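Report on the structure
Here's the letter readout for the chains.
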Amino acid sequence: MRSVKMQDVISYKNRPPALWSLYGKALTSRGSGARSPTVPPLQAELLGVTTDPVRAGRYADVCGYRSSSRMPMTWPHILAFPLHLKLLTEEAFPLPLLGLVHLRNRITQHRPIAYGECLDIHVRLDNQTDTDKGIEFDLVTEARSAGRLIWEETSTNLFRQPDKSSGGSHKGPPPAPERLPHSALITAGESLGRRYGRLSGDLNPIHMHALTAKAFGFPRAIAHGMWSKAHCIALLEQQPAWQEGPVTVTASFKKPLFLPGKAQLNWDEKKDRWAYQLLNEKGDAPHLTGEVIWK
């Protein structure tokens with residue numbers, strides 16, 4: 001059920017918008033073509049949503065989370081995904097969806113969320129910035145339980161503009177990443193993109209199969225960035241020094257992880273702040289870098 005409330009908040013109760021109709025709009029989206037497009041302050045909400053434990057359990061398994069009475073830290077992102085897609089396929093949104101690049105993601109979990117807990121989820125477009133590569137903007141997501149904010153996320157996306165100056169195009173290759181003291185090997189199978197895509201709802205062709213990825217300029221399918229972040233969190237949570245309490249986990253997405261492929265999770269454990277990075281199999285280039293910060 002959908003209604004439009006005051007302040008143009010697109011509202012759904014109990015059930016999110018159907019994804020299949022949004023997929024069609026995503027594939028045909030071409031943007032407005034404006035030279036200086038403005039991202040409007042669109043908003044959407046999903047009220048009174050609960051989690052399907054079977055689907056969430058399969059998601060936890062694909063991402064490597066241990067069985068628990070608590071939802072995976074990244075699960076609210078999955079609950080909010082239909083709202084994200086809804087806003088990005090609205091007629092008022094001026095950019096082509098398939099041209100967007102996910103740059104960064106920041107999740108703050110104020111407390112763990114239990115299975116069966118009823119949530120209200122709100123999403124908005126915000127913080128447009130013009131950069132030397134193009135337009136950046138944020139998808140800001142908040143999850144509340146009984147009116148209290150318990151989880152929030154900022155996903156920063158880039159729309160590349162070819163007429164923008166590349167700035168550092170004449171610089172040499174970046175230095176090899178500093179190696180951190182702890183590491184674990186990660187293996188990502190060829191079918192990972194399809195398995196994660198079915199559970200997350202993110203069926204972007206670049207993740208599904210080598211053939212569809214080649215149509216977008218990739219030699220093979222690439223792992224979802226949010227799978228990579230979720231898998232890193234799942235492994236870090238299993239370390240003896242992992243702490244309870246409010247926590248923020250950031251991620252900056254770098255080079256794609258091609259499927260099938262192997263990678264190294266590399267991290268350093270400080271008192272209240274861990275640095276981590278997902279490196280390629282050789283350990284000389286990052287797929288993502290980030291921090292875990294306890295309040």
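For the structure, see preceding data.
Throughout, residues of each chain are indexed from 1 in the direction in which the sequence is written. Local features in a predicted model are, by the rule used here, given only for residues with pLDDT of at least 70; side-chain atom pairs are given and counted only at 80 or more, and totals for whole chains, interfaces and linings are based on all residues. The basis for every side-chain value is the complete set of non-hydrogen atoms in the structure, without hydrogens or water.

**Some details on helix α4 (residues 192-200)**
- Only protein chains enter the accessibility calculation, which uses a 1.4 Å probe; a residue whose area is less than 20% of its type maximum is buried, one above 50% is exposed, and one in between is partly exposed. In DSSP terms, a helix is any run of H or I states spanning at least four residues, a strand is any run of E spanning at least two, and both are numbered starting from the N terminus. Leu-192, Gly-193, Tyr-196, Gly-197, Leu-199 and Ser-200 are the residues of α4 that are buried.
- The first or second residue beyond α4 is Gly-201, which carries a positive phi of 90°.

**Observations regarding the state of the cysteines**
- Note on terminology: pairs of cysteine sulfur atoms within 2.5 Å are recorded as disulfides. Counting across every chain of the model gives zero disulfides.
- No disulfide involves Cys-232; its nearest neighbouring cysteine sulfur is the one of Cys-63, lying 11 Å away.

**Observations regarding the packing of aromatic side chains**
- For Phe, Tyr and Trp, where Trp contributes only its six-membered ring, two rings pair if their centres lie within 6.5 Å, and the inter-plane angle classes them as stacked under 30 degrees, edge-to-face over 60, or tilted in between. This model, assessed by the stated rule, comprises seven aromatic pairs.
- Relative to Tyr-23, the ring of Trp-20 lies with its centre 5.1 Å away and its plane at 85°, an arrangement referred to as edge-to-face. Placement of both Trp-20 and Tyr-23 in helix α1 (residues 19-28) is noted, with a separation of three residues, approximately one turn of the helix.

**Observations concerning the pairing of strand β9 (residues 247-253)**
- For β9, the tally of buried residues reaches six of seven residues, placing the bulk of the element in the interior.
- Note: two strands are recorded as paired if DSSP finds a minimum of 2 bridges between them. Strand direction decides the pairing type here: strand β4 (residues 100-109) and β9, joined by six bridges, are antiparallel. Counted as the bridge partner of Arg-106 is Thr-250 from β9.
- Taken together, the five bridges between β9 and strand β12 (residues 286-294) define a ladder with antiparallel strand orientation. Each bridged residue has a counterpart across the sheet, and for Val-249 the counterpart in β12 is Val-292.

**A closer look at the pattern of salt bridges**
- Each salt bridge in this description consists of a side-chain nitrogen of Lys or Arg and a carboxyl oxygen of Asp or Glu lying within 4 Å of one another. Going through the model one piece at a time under the given rule, you end up with 10 salt bridges.
- The salt bridge partner of Glu-90 is Lys-86, with a shortest N-O separation of 3.0 Å.
- Note on Lys-86: relative accessible area 7%, which makes it buried.
- Across the pair Arg-194 and Glu-190 runs a salt bridge whose closest N-O atoms are separated by 2.7 Å.
- Judged by relative accessible area, Glu-190 falls into the partly exposed class, the value being 35%.
- A single salt-bridge network, built from bridges that share partners, covers Arg-124, Asp-126, Glu-142 and Arg-144.

**Things to note about the environment of Ala-234**
- Mapped onto the secondary structure, Ala-234 falls in helix α7 (residues 225-237).
- A C-alpha to C-alpha distance of 9.9 Å links Ala-234 and Asp-61, two positions 173 residues apart in sequence.

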